[in-house]
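Here is what each chain is made of, one letter per residue.
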Amino acid sequence: EVSKDSHTLPVALSAPGTGKSLVAQNAAGWLRDSPDSKLRAMTSTDLLSITVSFNSNTKYDEDKDNHSSSALALRMFASYFGADLAVLRGLLGHKLPDFSICLNAILLDHRERHPEKAAGTTLLFLAVDDVTSVANAAPKPGSRTLCQLGDLTDTLGSALCAAPEGCFFVALLTGTIHGP
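These remarks concern the structure in this document. Residue positions are given per chain, counted from 1 along the sequence in the order it is written. Thresholds applied to this predicted model are a pLDDT of at least 70 for local features of residues and 80 or more for the giving and counting of side-chain atom pairs; totals over whole chains, interfaces and linings are not thresholded and use all residues. Side-chain metrics rest on all non-hydrogen atoms present in the structure, leaving aside hydrogens and water.

### Side note on the packing of helix α4 (residues 68–81) against helix α6 (residues 99–113)
Then, number 1: Interaxial distance between α4 and α6 falls to 8 Å at its minimum, and their mutual angle equals 15°. When the axis of α4 is compared with that of α6, the two are roughly parallel. As for how α4 packs across α6, the hand of that crossing is left-handed. Where α4 abuts α6, its residues S69, L72, A73, M76, F77, Y80 and F81 lie against F99, C102, L103, A105, I106, D109, H110 and R113.
Then, number 2: A breakdown of the residues in the contact of α4 with α6 according to their chemical character gives 11 nonpolar, two polar and two charged. Axis geometry follows a simple rule: fit a line to the C-alpha atoms, using only the stretch in contact for helices, then measure angles between N-to-C directions, giving values from 0 to 180 degrees. The secondary structure listing takes helices from DSSP runs of H or I that are at least 4 residues long and strands from runs of E that are at least 2 residues long, numbered from the N terminus. Roughly parallel means an angle under 35 degrees; roughly antiparallel means over 145; roughly perpendicular covers 65 to 115; every other angle is labelled oblique. Note on convention: the crossing is left-handed when the near helix lies turned anticlockwise from the far helix by less than a right angle, right-handed when the turn is clockwise. Only heavy atoms enter the contact rule, under which two residues are in contact if any of them lie within 4.5 Å. Amino acids outside the nonpolar list (Ala, Val, Leu, Ile, Met, Phe, Trp, Tyr, Cys, Pro) and the charged list (Asp, Glu, Lys, Arg) are all regarded as polar, and Gly is one of them.

Shown next, in the form of structure tokens:
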């Protein structure tokens, strides 16, 4: 029996050029090839993998993103639906997307696109690449930037422990550590 009350949030932090992005992009496939028969069975029936990034092309911007969990929701939505991040920001204006609403919307769309899988459990794997750029954003006077990484992990932790019905949620964070 799988408990939804306690889940690990794996974090891969390393120096530049060590393959963290490659890990984020391929980890879902490794889940599919897991020696754990329950996990392998779950991923063979319905694995939904989404990779988002806070890299130089989609860097966290406190002025535009306002809150890290909203920034994650925007990037998740853009990645899943193939939308342009700037266009999404323009459509939303100053309205902040809610992470759990975006997560549920993506699952609903996924199940509508794949009705044969709707009755089973969806393993949703979310890889968040370059997450340290959220903490490394240039602080402004009165900025909450240093709290943003904590808020982001709280949001993911809540989703891990209270995933929507019929969803097993797994997240991986990767980030670059620069020298002292």
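### Focus on the pattern of salt bridges
Then, number 1: Whenever a carboxyl oxygen of Asp or Glu lies within 4 Å of a side-chain nitrogen of Lys or Arg, that contact is scored as a salt bridge. Applying the stated rule across the entire model yields one salt bridge.
Then, number 2: A salt bridge links R113 to D109; the shortest N-O distance between them is 2.5 Å. On the criterion of helical spacing, the pair formed by R113 and D109 is a turn pair, its members being four residues apart in helix α6.
Then, number 3: We classify D109 as buried; its relative accessible area is 17%. We call a residue buried when its accessible area falls under 20% of the maximum for its residue type, exposed when it is over 50%, and partly exposed in between, using a 1.4 Å probe and counting protein chains only.

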